Amino acid sequence: MTSVPSPQNELVGALYRDHRGWLLAWLRRNVACPQRAEDLSQDTFVRLLGREQLKEPREPRAFLVAIAKGLLFDHFRRAALEQAYLTELMLIPEAEQPSVEEQQMILEDLKNIDRLLGKLSSKARAAFLYNRLDGLNHAQIAERLGVSVPRVRQYLAQGIRQCYIALYGEPT
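Residues numbered from 1 in each chain as written. Predicted model: local features only at pLDDT ≥ 70, side-chain atom pairs only at ≥ 80, totals over all residues. Heavy atoms only, no water.

- The protein chain appears in an unreviewed UniProt entry as RNA polymerase sigma-70 factor, ECF subfamily from Pseudomonas mohnii.
- Its UniProt record, at the heading Sequence similarities (unreviewed entry), says of the protein chain: "Belongs to the sigma-70 factor family. ECF subfamily." (UniProt positions renumbered as here; feature names shortened; annotations may be inferred.)

Set out below in structure tokens:
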């Protein structure tokens, strides 16, 4: 069975051939681990392949760097989350610590929650976390964020909607 390459796949292939080496060098300057730089380079092109529509960029390198920066930001955010989790885990007495398997499952859950909340605006994410983790009420959150109480309600609804989608899928 043969398949005809789509114009989009051909464009991604051309970007890969023409700019992968340059992007990899850029990533290596910004990431300490060469293997992580390689992974981020590949993820950049995989992200392009996943797009429904792709137009030829006027500035291919700037375009690729913008995508790679987003992936790099996600990587650093996940690493910070993992480090915060491990730091908190060290505070638990050894006899009460979860097993290695449970720790890994908890860490994956935290990463999924982070990815879910990453779809919210920074204020909506902060409002949701203030409410759910710190137990702040709507007025306290509004004061901290410098917004109205009705806006806080909207932010919380957005957070709850993301949780619903994670559990049950997109509402119909």
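1. What to know about the nonpolar core
Thinking step 1. Of all hydrophobic cores here, the largest spans 20 residues; its most connected members are Leu23, Trp26, Leu27, Phe45 and Leu48.
Thinking step 2. Sorting the residues of this core by element identifies α1 (7–30), α2 (34–49) and α3 (60–90) as the ones contributing at least two each.
Thinking step 3. Among all residues touching Trp26, those that are not within four sequence positions of it are Val65, Ala68, Lys69 and Leu72.
Thinking step 4. In this structure, Leu120, Ala127, Leu145 and Leu156 belong to the second largest nonpolar core, which totals 14 residues. (Core = buried A, V, L, I, M, F, W, Y, C linked by side-chain atoms within 4.5 Å. Buried < 20%, exposed > 50% of the residue type's maximum accessible area, 1.4 Å probe, protein only. Helix = DSSP H or I, 4+ residues; strand = E, 2+ residues; numbered from the N terminus. Contact = heavy atoms within 4.5 Å.)

2. Some points on the UniProt feature "domain: RNA polymerase sigma-70 region" (unreviewed entry) in the protein chain
Thinking step 1. The feature "domain: RNA polymerase sigma-70 region" (unreviewed entry), as given by UniProt, occupies residues 15–80 in the numbering adopted here.
Thinking step 2. Across residues 15–80, the secondary structure splits into 80% helix and 0% strand, with the terminal C-alpha atoms separated by 31 Å.

3. A look at helix α4 (residues 100–117)
Side chains that are three or four residues apart share a direction in an α-helix, a result of its 3.6 residues per turn.
Thinking step 1. Between the first and last C-alpha of α4 there are 26 Å, a value that for 18 residues agrees with the 26 Å anticipated at 1.5 Å per step.
Thinking step 2. Along α4, the residues classified as buried are Gln103, Leu107, Lys111, Asp114, Leu116 and Leu117.
Thinking step 3. Of the surrounding secondary structure, the elements contacted by the buried residues of α4 are α3, α5 (122–132) and α7 (149–168). (Expected span 1.5 Å × (residues − 1).)

4. Focus: the packing of α5 against α7
Thinking step 1. Relative orientation of the contacting elements α5 and α7 amounts to 85 degrees, with a least axis distance of 8 Å. It follows from the interaxial angle that α5 and α7 lie roughly perpendicular. Counting all contacts with α5, which are made through Lys123, Ala124, Ala127, Phe128, Asn131 and Arg132, the residues of α7 involved are Tyr155, Leu156, Gln158, Gly159, Ile160 and Cys163.
Thinking step 2. Across the contact of α5 with α7, the residue classes break down as seven nonpolar, three polar and two charged. (Axes fitted to C-alpha atoms, helices over the stretch in contact; angles between N-to-C directions. Parallel < 35°, antiparallel > 145°, perpendicular 65-115°, else oblique. Nonpolar A, V, L, I, M, F, W, Y, C, P; charged D, E, K, R; others polar.)

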